[in-house]
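Inside the fold
Residues per chain are reported as follows:
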Amino acid sequence: MSQAALKTSVVLVDPAVEMLSVEAHADQTPGVEASASIRNPNYPLSDLTESEALTLQQQYLREILLSPVYQAAVETPLQAMPKLAQRLGHHVFLKREDHQPVYSFKLRGAFHKLHKVALQNPTAQVVCASAGNHAQGVAMSASKLGLNATIVMPITTPEIKVAAVRARGGHVMLHGTAFDEANRFAIELAATQGAVYIPPFDDADVIAGQGTVAKELLTQHNKLDAVFIPVGGGGLLAGMAVYIKAVLPNVRVIGVEPDDANCLEVAMLNGAPVTLPRVGLFADGVAVKRIGSENFKLAQLYCDDVVTVSSDEICAAIKDIFEDLRAVAEPAGALALAGLKKYAATADHSQNFAAVLSGANLNFDTLRYVSERCELGEKKEAVFAVTIPEEKGSFRRFCETLGGRAITEFNYRYASDNKAHIFVGIKLRSGAEELKQVTQALLDAGYDFQDLSDDELAKLHVRYMIGGMPPRLVQEQVYQFNFPEYPGALMNFLNTLGEKWNITLFHYRNHGAATGDVLAGFEIADPAEIEGHLEDLGYPYQLVTGNSSYRTFLMAG
């Protein structure tokens with residue numbers, strides 16, 4: 001819905017709504033100045049005037065308060081996390097949007113939007129594109145309202161998600177290997193069939209529906225100091241932020257993004273949406289290259305700060321949720337809690353923090369990856385490359401250097417007559433402080449070592465390939481590739497690659513995600529010999545020959 005339409009969408013307003021609006025602004029005028037007073041000083045201010053900001057906020061406040069989402073959605077609980085709270089020294093609460101019938105908050109925005117569509121045309125055809133939660137929200141909402149919904153999904157979508165959409169009444173069309181292709185097709189399909197396209201996040205009606213999460217949250221706990229909200233396209237953040245700042249403007253609103261998909265952070269720093277060249281896909285529910293325009297307008301007014309987190313930190317948050325609540329979140333669903341934990345580490349006194357668990361539509365295979373990485377994310381494990389003497393008793397002496405700490409992983413490969421390289425995982429009980437102690441112990445013992453705890457190539461590939469050095473020196477260039485994961489994808493990648501160059505190294509492991517990751521080496525001296533061909537392949541890639549873990553464990557010489 002356009003902003004102009006939003007201005008006229010609510011004509012008659014309940015007096016209670018008007019009273020709430022007046023009370024909310026009695027102590028602080030909302031808009032530019034209200035948000036700017038506690039927002040990150042590195043973010044440029046909005047160019048909207050205070051009057052324009054107030055008008056916009058009032059429009060969204062009315063839409064959220066009068067939203068009909070509870071014809072389909074349910075009010076979700078706000079649950080305390082006592083174990084994590086004790087560890088962090090702050091009160092921690094989790095808004096359980098995984099309790100929705102579709103296991104995600106996306107139902108709210110979809111129903112609010114489709115309800116407007118149905119009022120205008122009860123027999124309307126609707127079309128959307130989604131690989132996950134938006135698809136289920138649209139399918140269920142359309143079914144409730146008697147609308148016919150076509151959902152375009154990439155062919156890479158796991159079958160469990162396709163089946164879930166069909167079970168909720170959606171007609172599924174598989175098209176393209178990524179969301180962008182599916183979305184373009186959905187827009188074209190809507191235009192040719194005279195259907196209504198339902199956007200996933202950049203839409204005023206969708207934003208208002210998502211804002212009902214904040215309405216419930218502040219009813220359940222009105223003494224919060226900060227609320228942490230996951231960010232993909234920004235619809236949930238925009239809707240929640242505008243409501244929170246209208247009702248309790250002193251509550252800090254903090255967006256949380258993966259550090260490899262930080263479209264909001266980049267936009268906030270630049271004062272305008274920016275398209276990222278690529279995004280990480282572990283938290284696929286928030287893997288968005290560009291923040292929505294309407295969402296950014298609201299975020300710039302009402303979001304105080306943005307926190308970014310690593311995949312390991314997300315994995316650790318998934319484990320925290322399981323240990324406290326016995327719930328299993330999808331990576332995007334645990335994102336906000338990961339940001340809360342990172343933020344809480346710098347807070348100087350005990351505070352009340354809430355995070356949104358936005359979804360639990362987890363591809364089960366992803367748990368394998370999560371279980372491997374959560375200890376690193378909590379700083380409960382560190383991994384090292386260490387050079388030790390090639391002689392009897394050297395491993396025992398190395399273990400003695402660690403002072404009795406448990407070794408979680410040990411990989412070894414003969415390197416020469418007098419030295420060996422080991423890849424070792426070490427259990428940590430006191431996190432970063434103990435990591436410093438381990439590092440100092442290795443230095444004092446004279447070991448040559450590298451801390452690989454933050455080395456993605458080492459954790460994703462090299463740790464499983466120790467012992468892969470060639471028997472002779474090879475002129476080799478090594479690349480990391482990403483390609484859409486679907487049946488036959490690996491063979492298609494190999495066929496596209498061709499046989500012009502000798503492959504000297506190849507490692508592929510399916511992590512249950514929408515994309516596959518390949519490490520490949522080619523027997524060439526100069527990258528220029530092959531990179532023209534690699535560009536033609538059309539797969540994202542990067543040269544990693546200089547990576548230290550590769551050079552230690554996999555390169556001869």
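Description of the structure in this document. (Residues numbered from 1 in each chain as written. Predicted model: local features only at pLDDT ≥ 70, side-chain atom pairs only at ≥ 80, totals over all residues. Heavy atoms only, no water.)

1. Brief notes about the sheet that holds strand E16 (residues 503–508)
In spatial order, the strands read E16-E17-E15-E18; together these four strands make up an open sheet with antiparallel pairing. Strands with a single pairing partner mark the edges of an open sheet, and in this sheet they are E16 and strand E18 (541–543). Strand after strand, the sheet turns through a mean of 20 degrees between neighbouring axes, direction not considered. Taken together, the three bridges between strand E15 (residues 477–484) and E18 define a ladder with antiparallel strand orientation. From the neighbouring strand, Tyr479 faces E18, where its bridge partner is Leu543. Sitting on the sheet, helix H21 (residues 528–537) is in contact with E15, strand E17 (515–522) and E18, with an inclination near 5 degrees to E15. (Pairing = 2+ DSSP bridges. Helix = DSSP H or I, 4+ residues; strand = E, 2+ residues; numbered from the N terminus. Axes fitted to C-alpha atoms, helices over the stretch in contact; angles between N-to-C directions. Contact = heavy atoms within 4.5 Å.)

2. Topic: the sheet that holds strand E2 (residues 91–96)
Two modes of strand pairing occur in sheets, parallel and antiparallel, and in both the strands are linked by backbone hydrogen bonds. Reading across from one edge, E1-E2-E10-E7-E8-E9 is the order of the six strands in this open sheet, with mixed pairing throughout. The outermost strands of the open sheet, each flanked by one partner alone, are strand E1 (78–80) and strand E9 (305–309). In this sheet, neighbouring strand axes are inclined to one another by 25 degrees on average, regardless of whether the strands run parallel or antiparallel. In this sheet, strand E8 (residues 252–258) lies alongside strand E7 (residues 226–230) in parallel orientation, the contact comprising five bridges. When the bridges of E8 are listed, Val227 appears paired with Val253. Sitting on the sheet, helix H10 (residues 204–220) is in contact with E1, E2, E7 and strand E10 (352–357), with an inclination near 140 degrees to E2.

3. Re the environment of Ile160
Within the element layout of this structure, Ile160 appears in helix H8 (residues 159–167). With a relative accessible area of 56%, Ile160 lands in the exposed category. Taking C-alpha positions, Ile160 is 9.3 Å from Asn361, a pair spaced 201 residues apart along the chain. (Buried < 20%, exposed > 50% of the residue type's maximum accessible area, 1.4 Å probe, protein only.)

4. Considering the pairing of strand E3 (residues 125–129)
Burial within E3 is extensive, with four of its five residues counted as buried. Of the strand pairs in this sheet, E3 and strand E4 (residues 148–153) are connected by five bridges, and their pairing is parallel. Residue pairing for E4: Gln125 is matched across the bridge by Asn148. Since E3 and E4 lie parallel, the crossover through helix H7 (residues 133–145) that links them has a hand, and here it is right-handed. As paired elements, E3 and strand E6 (residues 196–197) share two bridges and run parallel to each other. (Right-handed = clockwise from strand over helix to strand, strands pointing away.)

5. Some points on the pattern of salt bridges
Going through the model one piece at a time under the given rule, you end up with 20 salt bridges. Among the salt bridges present, the one from Lys161 reaches Asp284, with a minimum N-O distance of 3.8 Å. One end of the pair, Lys161, is in helix H8; the other, Asp284, is in the loop between helix H12 (263–270) and helix H13 (293–302), with 123 residues separating them in the sequence. A relative accessible area of 10% places Lys161 in the buried class. Measuring nitrogen to oxygen at the nearest pair gives 3.9 Å for the salt bridge that ties Lys319 to Glu323. Residue Lys319 and its partner Glu323 are both found in helix H14 (residues 311–325); the two are separated by four residues, about one turn of the helix. You can call Lys319 partly exposed: its relative accessible area is 24%. Via salt bridges that share partners, Glu63, Lys113, Lys116, Asp203 and Asp205 belong to a single interconnected network. (Salt bridge = Lys/Arg side-chain N within 4 Å of Asp/Glu carboxyl O.)

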